[in-house]
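If you want the building blocks of each chain, they are given just below.
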There are 2 protein chains.
Amino acid sequence: LKSQRLNGISHRGRVLTLDSMNPNVKRVEYAVRGPIVQRAVQIEKELKEGVKKPFTEVIKANIGDAHAMGQKPITFFRQVLALCSYPALLEDSKFPEDAKKRAQRILEACGGHSIGAYSTSQGIECIRQDVARYIEKRDGGIPSNPDNIYLSTGASDAIVTILKLLVCGEGRDRTGVMISIPQYPLYSAALADLGAVQINYYLDEDNCWSLNITELRRALNAAREHCNPRVLCIINPGNPTGQVQSRQCIEDVIRFAKEEHLFLMADEVYQDNVYAEGCQFHSFKKVLFEMGPEYSNTVEMASFHSTSKCYMGECGFRGGYMEVINLDPEVKAQLIKLVSVRLCPPVPGQALLDLVVNPPQPDEPSYATFMKERTAVLSTLAEKARLTEQIFNTVPGITCNPVQGAMYTFPGITLPQKAIDKAKELGLVPDMFYCMRLLEEDGICLVPGSGFGQREGTYHFRMTILPPTDKLKVVLQKIREFHLRFTQEFS
Amino acid sequence: LKSQRLNGISHRGRVLTLDSMNPNVKRVEYAVRGPIVQRAVQIEKELKEGVKKPFTEVIKANIGDAHAMGQKPITFFRQVLALCSYPALLEDSKFPEDAKKRAQRILEACGGHSIGAYSTSQGIECIRQDVARYIEKRDGGIPSNPDNIYLSTGASDAIVTILKLLVCGEGRDRTGVMISIPQYPLYSAALADLGAVQINYYLDEDNCWSLNITELRRALNAAREHCNPRVLCIINPGNPTGQVQSRQCIEDVIRFAKEEHLFLMADEVYQDNVYAEGCQFHSFKKVLFEMGPEYSNTVEMASFHSTSKCYMGECGFRGGYMEVINLDPEVKAQLIKLVSVRLCPPVPGQALLDLVVNPPQPDEPSYATFMKERTAVLSTLAEKARLTEQIFNTVPGITCNPVQGAMYTFPGITLPQKAIDKAKELGLVPDMFYCMRLLEEDGICLVPGSGFGQREGTYHFRMTILPPTDKLKVVLQKIREFHLRFTQEFS
Ligand SMILES: Cc1ncc(COP(=O)(O)O)c(C=O)c1O
Ligand SMILES: Cc1ncc(COP(=O)(O)O)c(C=O)c1O
């Protein structure tokens, strides 16, 4: 082979094959858009072509995509975006003055006053200032510096970027990254791609998916035998598990990170999605600073936010930001260089983020409508969170923790041994078999728990609570009936 | 150190430092947004604060950002984008019917009819169909399959993704990637990040920066001594060199790629930017298929396009696509999985791309205005291309090839030995010293040739031809005077 190459004789086969491609990419897995979703898309096509099925539409409860599930955009946000896209509308009396003011301010911050110009790679400066002010307000006045804010192409982009900075070393010195199991699969995918070592710590299903420091320590100590653990990732509120971390727990995690010399990554994209009574969102940044200078001056951290979730659910715009704390100034320069290579995050997404962090104020004309729309979305989500827990827990063989926050439930399912055997026979993991059957029989698309990780021998699925309430009720009812049928069939 | 770690005793220092970060990221360089641009931003701030300078504004001719240089967006595109952002405008009689039709079609293809929903990771299907039709029309009917089209976050994203698939192996087996020198620094940056081997082939400055197969072969043979060359990257029309490849040359390159078993990457983001008489854009795809099945059935290729350049210059939207040819189906599945991790390209950018590949037709109401705007941009660019070559070539010590296409000139500059010595004394590469002086004295921001690569002992700068004609004339005149002054000073 090598001599062929050296002689310049071409091979028969392709240059790029499964055998000759980047092996790290091969190791990447991404269940949220995996085989079950591909099959769902296929079934949708079949339905369109008139193929008869026991259902008339596929309900995709596999992905946290609010607009796709019928949620309407916030009027004010879209007005400003229209004004930014086509500034001739600034003359139009149909648009409220506050929307125009916002659009004008954004346009003035753009090169040539156009959202079609590249921005600086870190993101438009006045938007980073607005983000900093938003964080300060959210965190009760703890200062935030716009220089520590980096706008991004969705939170995904920022998360991957920080991981990329952190991963190095070979063999036993290879960087290890601690992630919760069940996890959001962006993390495992990014770690595979970077060739980092994934360190699993398990959330406590029996305690409402809470994070347990003893388990963190177990995972860390085990990992130290074979890699160099340097990073601890937390998702709060949790995806796929829907838990909201207590203030105490966050303090414990920060203390643990300091003691163990770990870089903290706090994924807080669901910060407005808290529903359960007694639960409240506490940002890692706030708790860190309240723990005093011993912590706030030393613990290195990045926290992430996005336009995709919360009440706005604007996934398609790919807006987001991260705030870095105690990042080495030399590393910051490297970070800026790294983000420069892709030029800049999408400017419409930056504009949208600006509106999210700086929404209409009480004295502005759009305030009332904005608040009405925002409240409606969040209270409907809260209702659907309760409904989901309630109905699932009426089903023998399904155990569902309260959906305290975020947009998902991750119930445990008891599968009969015969179903497990049947799945093995088909070469499928048991909960994939379960979800595939549900899809084929009822047109409901869920993601098997195995796509997120779960304790050996347990089975789950993830479902979003995003379908409209009426539809959600139908979905829950159908899953209930399916589960009973399925259990029956394999008993 | 290791025992400290094992004992759980925290280090004094930070987790993430220059010494403990990803070494590949450290190796990344990105001149287009490098130190000279950072200094330009600083000077702009100083001017705002009232600091006296020998000039009143900084003219940034460092980056191909048309809107930032005052170019106005295409009206039709922005009307459709406003309609997509705020569909209530579909009732507004001020918008032309064809814009509404386009917006409606895009919205219907979006989840929940909102551009705020995630799209499929490969990009919205009907937009990929439009892209395929555009390519077919461009290439005189050669078929294009929407399944081979992948929408992206600007061309940058797609280029990095394909490189990521291709890079593997260790030591002598490490993947080598051939890039033109001078190059667009996205390529060297991505290769450093991936830890691939960069193989330089030099464009022929004496022949209008043309590509020479003998030089390709020289570079390839030399590289085979120490790595596994698998990829050949071409930029046509060229950045930073502004050349347009002849059809013959493209054929030769394709033949070379086939003989040498190389994967071709054709960066064609400037496909509408061709100005020089006798020059014409030929897509690699078209030439490949015209060479017959022996080539079109075997040569693996990806070609790239973007919304950022051409007549629209919509950089901020981060729209783009790639078409893959002869990609192994198993690798395609891996590619889809890989792009899924970041969920989807920005949907407003996808919408914009749809308009670029499917602009107003002769029988539609927006056609006349669209054509007027498009033609005005392209003919002004052609005029500025001529002007630039002409004026630079009147300056003793500046040699400028014709700007046949794209948006840049990369003139060679003769620097006096004393200037070279002075630069060395200051620890700067000579053309960086030159550009820094020009920036400080005249407020003109160019990028030194060293940021793109150049033959040892030669010096250049890259300038965009994008400033408005009047301003461009001033810039050219100022550079002329600066060059004479600078040469005088160091003689
Ligand atoms: C926990 C978590 N983090 C990050 C993301 C990424 O979102 P985006 O890239 O759209 O901002 C998601 C999306 O579902 C998520 O659930
Ligand atoms: C040759 C070339 N390729 C790719 C790009 C990337 O452009 P974008 O990511 O904005 O599409 C550029 C931008 O200047 C370029 O000049």
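Keep in mind the model is a prediction, meaning the values are calculated, not measured.

(A) Here's a closer look at the packing of helix α15 (residues 367-392) of chain B against helix α18 (residues 469-489) of chain B. Residues and elements named next belong to chain B. Running from amino to carboxyl end, α15 crosses α18 at an angle of 15°, the nearest separation of the two axes being 10 Å. In this view, α15 runs roughly parallel relative to α18, as classed from their interaxial angle. Considering how the two elements wind past one another, α15 and α18 form a crossing that is right-handed. Along its contact with α15, which presents Thr-380, Glu-383, Lys-384, Leu-387, Thr-388, Ile-391 and Phe-392, the element α18 presents Thr-469, Leu-472, Lys-473, Leu-476 and Ile-479.

(B) Fine view of the nonpolar core. Formed by 205 residues in total, the largest nonpolar core has its most connected members in Phe-77, Ile-162 and Met-265 of chain A together with Phe-77, Ile-162, Met-265 and Tyr-311 of chain B. Setting aside residues no more than four positions away along its own chain, Met-265 of chain B makes contact with Ile-159, Ile-162, Leu-163, Leu-166, Val-231, Leu-232, Cys-233, Ile-234, Ala-302 and Phe-304 of chain B.

(C) Structural detail: the packing of helix α6 (residues 125-138) of chain B against helix α14 (residues 347-357) of chain B. Residues and elements named next belong to chain B. Packing of α6 against α14 leaves a shortest axis separation of 9 Å and a crossing angle of 30°. Compared by their axis directions, α6 and α14 come out roughly parallel. The crossing of α6 and α14 is left-handed. Where α6 approaches α14, its residues Ile-127, Asp-130, Val-131 and Tyr-134 are matched on the opposing element by Gln-350, Ala-351, Leu-353, Asp-354 and Val-357. Along the lines of polarity and charge, the residues of the contact of α6 with α14 split into 6 nonpolar, 1 polar and 2 charged.

(D) Region of interest: the interface of chain B and chain A. Tallying the contact residues gives 106 residues for chain B and 105 residues for chain A. For the chain B and chain A pair, buried surface summed over both sides reaches about 8,900 Å², with 56% attributable to carbon and sulfur atoms. Per-residue buried area on chain B facing chain A is highest for Val-15, Leu-16 and Tyr-118 of chain B; these three make up 9% of the total on that side. The interface formed by chain B and chain A holds 8 salt bridges in total.

(E) Geometry of α14 of chain B. Of all 11 residues that make up α14 of chain B, 11 are buried, and the element is covered over most of its length. Along α14 of chain B, the residues classified as buried are Val-347, Pro-348, Gly-349, Gln-350, Ala-351, Leu-352, Leu-353, Asp-354, Leu-355, Val-356 and Val-357 of chain B.

(F) How the structure looks around the pairing of strand β3 (residues 175-181) of chain A. Residues and elements named next belong to chain A. Of all 7 residues that make up β3, 7 are buried, and the element is covered over most of its length. What you see with β3 is no split at all: Thr-175, Val-177, Ile-179 and Ile-181 on one side and Gly-176, Met-178 and Ser-180 on the other are buried throughout. One ladder, built from 4 bridges, connects β3 with strand β5 (residues 228-235); its direction is parallel. Its bridge partner lying in β5, Val-177 is registered against Val-231. Across 6 bridges, the pairing between β3 and strand β4 (residues 197-202) is parallel. Note that in β4 the partner of Gly-176 across the bridge is Val-197. A crossover links β3 with its parallel partner β4, the connecting element being helix α8 (residues 186-194), and its sense is right-handed.

(G) Focus on the domain arrangement of chain A. Residue and element names in this part refer to chain A. According to the domain assignment, chain A consists of domain 1 (23-63 + 371-489) and domain 2 (104-357). A separation of 28 Å is found between the C-alpha centroids of domain 1 and domain 2. At the interface, 32 residues of domain 1 touch 35 residues of domain 2. In this assembly, domain 1 packs against domain 2 so that about 2,800 Å² is buried in total across both faces, 59% of it on carbon and sulfur atoms. Joining domain 1 to domain 2, the criterion identifies 1 salt bridge. The partner of Arg-374 in a salt bridge is Asp-272, with the nearest N and O atoms 3.9 Å apart. Linking domain 1 with domain 2 are 13 residue pairs in polar contact (both at pLDDT 80 or more), by the criterion used here. Where the side of domain 1 that touches domain 2 is concerned, the elements lending two or more residues are α2 (23-27), α15 (367-392) and β10 (408-409). For the side of domain 1 that touches domain 2, the leading source of residues is α15, giving 6 residues.

(H) Structural detail: the packing of aromatic side chains. Residues and elements named next belong to chain A. One pass over the structure, following the stated rule, counts 31 aromatic pairs over all chains. Note on Tyr-270 and Tyr-408: the rings are 5.7 Å apart at their centroids and 90° apart in plane angle, and the pair reads as edge-to-face. On the criterion of sequence distance, the pair formed by Tyr-270 in the loop between β6 (263-267) and α11 (284-290) and Tyr-408 in strand β10 is long-range, its members being 138 residues apart. Judged by its relative accessible area of 2%, Tyr-270 falls in the buried class. Ring geometry for Phe-392 against Phe-461: centres 5.6 Å apart, planes inclined by 70°, an arrangement best described as edge-to-face. Residue Phe-392 is located in helix α15, and its partner Phe-461 is located in strand β14 (residues 461-464); the two are separated by 69 residues in the primary sequence.

(I) Region of interest: the sheet that holds strand β13 (residues 447-448) of chain A. Spatially, β10-β14-β13 (chain A) is the arrangement adopted by the 3 strands of the open sheet, whose pairing is antiparallel. Because the sheet does not close on itself, it has two edges, and the strands there are β10 and β13 of chain A.

(J) The arrangement of the relation of the copies chain B and chain A in detail. Under the fitted operation, chain B is carried onto chain A by 0.0 Å of movement along the axis and a turn of 180°, and the coordinates agree to an RMSD of 0.0 Å. In the structure described here, the two chain copies are related by an operation that fits a two-fold rotation axis. By C-alpha distance to the rotation axis, the residue of chain B lying nearest is Ala-82 of chain B, at 2.1 Å. In this assembly the copies share their binding face: 99% of the residues contributing to the interface of chain B also contribute to that of chain A.

(K) Examining the layout of surface pockets more closely. Volume-wise, the second largest pocket comes out at about 1,800 Å³. The wall of the second largest pocket is formed by 46 residues, among which Val-41, Glu-44 and Lys-60 of chain A together with Thr-120 and Glu-125 of chain B lie closest to the centre. Listing elements by their share of the lining of the second largest pocket, those giving two or more residues are α3 (35-48) and β1 (59-60) of chain A together with α6 and α13 (329-340) of chain B. Looking at which element gives the most residues to the lining of the second largest pocket, the answer is α3 of chain A, with 8 residues. Broken down by class, the residue content of the lining of the second largest pocket amounts to 19 nonpolar, 13 polar and 14 charged.

(L) Focus on the pattern of salt bridges. For the structure on display, the rule yields 70 salt bridges over all chains. A salt bridge links Arg-133 of chain B to Asp-130 of chain B; the shortest N-O distance between them is 2.7 Å. Of this pair, Arg-133 of chain B and Asp-130 of chain B are both found in helix α6, 3 residues apart, which corresponds to roughly one turn of the helix. With relative accessibility at 3%, the residue Asp-130 of chain B sits in the buried group. Of the charged contacts in the structure, one is a salt bridge between Glu-441 of chain B and Arg-485 of chain B, with a shortest N-O distance of 2.6 Å. Of this pair, Glu-441 of chain B sits in helix α17 (residues 430-442) while Arg-485 of chain B sits in helix α18, placing them 44 residues apart in sequence. Residue Arg-485 of chain B is classed as partly exposed on the basis of its relative accessible area of 39%. Linked through salt bridges whose partners overlap, the residues forming this network are Arg-247, Glu-251, Asp-252, Arg-255, Lys-286 and Glu-290 of chain A.

The rules behind the values
- Along each chain, numbering runs from 1 in the same order as the chain's sequence is written.
- Think of it this way: whatever chain is written first is A, whatever ligand is written first is 1, and the rest follow in order.
- Only residues with pLDDT of 70 or above have their local features reported here, since the model is predicted, and side-chain atom pairs are shown and tallied only from 80 upward, although totals for entire chains, interfaces and linings are computed over all residues.
- Hydrogens and waters are ignored; side-chain quantities use all the structure's heavy atoms.
- Angles run from 0 to 180 degrees between N-to-C directions of axes, and those axes are lines fitted to C-alpha atoms, restricted for helices to the stretch in contact.
- Numbered from the N terminus, helices here are DSSP runs of H or I no shorter than four residues, and strands are runs of E no shorter than two.
- Each angle receives one of four descriptions, namely roughly parallel if under 35 degrees, roughly antiparallel if over 145, roughly perpendicular if within 65 to 115, and oblique otherwise.
- Working rule for handedness: look at the near helix, and if it is turned counterclockwise from the far one by less than a right angle, call the crossing left-handed; if clockwise, right-handed.
- By the convention used here, residues are in contact when the closest approach between their heavy atoms is within 4.5 Å.
- Residues belong to a common nonpolar core when they are buried Ala, Val, Leu, Ile, Met, Phe, Trp, Tyr or Cys residues joined through side-chain atoms within 4.5 Å.
- Note on classification: 1.4 Å probe, protein chains only; a residue is buried when its accessible area is under 20% of the maximum for its type, exposed when over 50%, partly exposed between these limits.
- Three residue categories are used. Nonpolar comprises Ala, Val, Leu, Ile, Met, Phe, Trp, Tyr, Cys and Pro, charged comprises Asp, Glu, Lys and Arg, and polar comprises the others, including Gly.
- Two parts placed together each lose some accessible area under a 1.4 Å probe, and adding up what both lose gives the buried area.
- We count a salt bridge whenever a side-chain nitrogen from Lys or Arg sits within 4 Å of a carboxyl oxygen from Asp or Glu.
- Strands pair, by our definition, only if DSSP identifies at least two bridges between them.
- If you view a crossover with the strands going away from you and the path from the first strand over the helix to the second runs clockwise, you call it right-handed.
- Throughout the structure description, domain borders are defined by an automatic or database domain assignment.
- Polar contact criterion, stated in full: a pair of N or O atoms within 3.5 Å, where within protein one must be able to donate a hydrogen and the other to accept it, and residues adjacent in sequence count only if both atoms are side-chain atoms.
- Between the rings of Phe, Tyr and Trp (Trp by its six-membered ring), a pair exists once the centres lie within 6.5 Å; its type follows the angle of the planes, with under 30 degrees stacked, over 60 edge-to-face, and the other angles tilted.
- Superposing copies: least-squares fit, C-alpha atoms only, residues required to have pLDDT of at least 70 in both.
- Only protein atoms enter the 1 Å grid used here. Points where a 1.4 Å probe fits but cannot escape make up a cavity, open sets with protein on both sides within 12 Å along at least five of seven lines make up a pocket, and a residue lines them when an atom lies within 4 Å of a point.
- Grid points are joined across faces, edges and corners, and a volume is the space filled by probe spheres set on the points.

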